[in-house]
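An overview of the molecular structure
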Amino acid sequence: MSVWWIMLACGVVTFAIRLSFIAAEGRLTFPYWFRTLLPFVPVAALTAQVIPELLMPQGALWLSFNNSRLVAGLIAIAIAVQTRSVLWTLVGGFAALALLNGSAPP
Amino acid sequence: MTGADSASQEFRAGVLALAPLLVGVIPFGMIYGALALANGLSPAAALAMSTILFAGSAQFLFCQLLGVGAPATVIVAEVGLLNLRHALYSAALAPRIAHLPRRWKLVLAYLLTDEAFAAISQREAAGKAGPQRRWFYLGAGLALWGGWQLSTAAGVVLGARLPAHWPLDFALPLTFIAIIAPLIRSRAMLATAAVSGIVALLAAGLPFKLGLLAAALAGMAAGWWLAEARR
């Protein structure tokens, strides 16, 4: 199958997911537990992607100060909690990783 | 203040709310463009995917799976699973845009990403959203869309000339850290993050990114249970 068809299928599926509840609103009523569960979605979904990137940068658990992604990630978390600034979190995190790796910053 | 004034103000506020996130999105878009070419996509296909899919981490996954020769059904299923979290964003946004015409709903659904949703939920949580909030949503969504298309194009043009030792992929966890931190304002939310992170590590070996889904569901359940217990 052409890569274009796979891409189109992925696009249709993704758009359908994004539209799902927006389109269903008013036609369905959702139970109490479902509505109260929603505020937890972003933190749950995004943390699940972040933690393995920091602790398993090469696919296996790496708990060490030599793991520069873990240390830079912790620094970024500290900056994010302190400043609540997206910009400083990103700049600080990249700078920390660059310094730890001794390479040119991106 | 007239409706048109507040509409353009809301639109501008949406663009500005999203702008800092572009510092993370732009490197990620560049590395996606380079990765797409390295995995055998044509420049046209790499660019088109940013419009057709418009989902950074899913586009990454698509390229990686294509590179290892995964069958089409597996690619579509995995992209769907990874993007399932958008259903929950859709559910959170639905009541706020229920009164809008269908064309608005279609456009806002298409523009619904992690970053746009983060900008929207911060605005809503701060109680600043007004009757013209649709324009804020559109501004945030389009700012991300434009940044994603431009950075993807830059990645396609630069391609293999991007130095491999630049850790551009670190932009994804950093962006998500910046989104998550302001949202953690209660013990229940902290429990959600902790449980989700631990389960993500424990379930990392599961196929088809199922660990991601398991972790998100476990984290949500933990936070919800704690919040309910305190009510």
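Here the structure is a predicted model, which means the values were calculated and not measured.

1. Re the environment of Asp114 of chain B
For Asp114 of chain B, the position within the fold is in helix H8 (residues 114-125). When the 24 C-beta atoms within 10 Å are taken as the criterion, Asp114 of chain B is described as buried. Sequence spacing of Asp114 of chain B and Ala55 of chain B is 59 residues, and the spatial spacing of their C-alpha atoms is 8.8 Å. Not counting residues within four places of it along the chain, the set of residues in contact with Asp114 of chain B comprises Leu46 of chain A together with Ile179 of chain B.

2. What about the interface of chain A and chain B?
Across the contact, 60 residues belong to chain A and 77 residues belong to chain B. A total of 18 residues in the side of chain A that touches chain B trace back to one element, the largest contributor, which is helix H1 (residues 3-24) of chain A. Looking at the side of chain A that touches chain B residue by residue, the class counts come to 43 nonpolar, twelve polar and five charged.

3. Points about helix H10 (residues 171-180) of chain B
Of all ten residues that make up H10 of chain B, ten are buried, and the element is covered over most of its length. Those residues of H10 of chain B not exposed but buried are Ala171, Leu172, Pro173, Leu174, Thr175, Phe176, Ile177, Ala178, Ile179 and Ile180 of chain B.

4. Overview of the packing of helix H2 (residues 22-38) of chain B against H10 of chain B
Residue and element names in this part refer to chain B. Close contact between H2 and H10 brings their axes to 9 Å; oriented N to C, the two are set at 155°. One finds that H2 runs roughly antiparallel with respect to H10. Like other packed secondary-structure pairs, H2 and H10 cross with a definite hand, here left-handed. Where H2 approaches H10, its residues Gly24, Val25, Pro27 and Phe28 are matched on the opposing element by Ala171, Leu172, Leu174, Thr175 and Ala178. In terms of residue class, the contact of H2 with H10 is built from seven nonpolar, two polar and no charged.

5. Looking at unusual backbone geometry
The phi angle at Arg84 of chain A is positive, at roughly 55°, despite the residue not being glycine. Accessibility expressed as a C-beta count within 10 Å gives 13 for Arg84 of chain A, which makes it partly exposed. Of note, the phi angle at Phe54 of chain B is positive, near 50°, even though the residue is not glycine. Inspection of the secondary structure puts Phe54 of chain B in the loop between helix H3 (43-52) and helix H4 (56-67).

6. Examining the nonpolar core
All names here are of chain B. Membership of the largest hydrophobic core comes to 108 residues, with the highest contact counts inside it found for Phe62, Ala116, Ala140 and Ile177. Per-element tally for this core: the top contributor is H2, with eleven residues. Those residues in contact with Ala140 that sit more than four places away from it in its chain are Gly14, Val15, Ala17, Leu18, Ala116, Ala119 and Ile120.

7. Considerations on the domain arrangement of chain B
Residue and element names in this part refer to chain B. Split by domain assignment, chain B resolves into domain 1 (3-165) and domain 2 (184-231). When each unit is reduced to the centre of its C-alpha atoms, the spacing between domain 1 and domain 2 is 24 Å. Broken down by element, the residue count for the side of domain 1 that touches domain 2 peaks at four residues, all from helix H5 (residues 72-82). For the side of domain 1 that touches domain 2, a count of residues per class yields four nonpolar, no polar and two charged.

8. Focus: the confidence of the model for chain B
Here chain B averages 90 in pLDDT, while 97% of its residues score no lower than 70. Both scores are available for the predicted complex, with the pTM at 0.84 and the ipTM at 0.87.

About the criteria used
- Residues numbered from 1 in each chain as written.
- Chains lettered and ligands numbered in written order.
- Predicted model: local features only at pLDDT ≥ 70, side-chain atom pairs only at ≥ 80, totals over all residues.
- Helix = DSSP H or I, 4+ residues; strand = E, 2+ residues; numbered from the N terminus.
- Buried ≥ 20, exposed ≤ 12 C-beta atoms within 10 Å, placed from the backbone.
- Contact = placed C-beta atoms within 7 Å.
- Nonpolar A, V, L, I, M, F, W, Y, C, P; charged D, E, K, R; others polar.
- Axes fitted to C-alpha atoms, helices over the stretch in contact; angles between N-to-C directions.
- Parallel < 35°, antiparallel > 145°, perpendicular 65-115°, else oblique.
- Left-handed = near helix turned anticlockwise from the far one by under 90°.
- Core = buried A, V, L, I, M, F, W, Y, C linked by C-beta atoms within 7 Å.
- Domains from an automatic or database assignment.
- pLDDT = per-residue confidence, 0-100.

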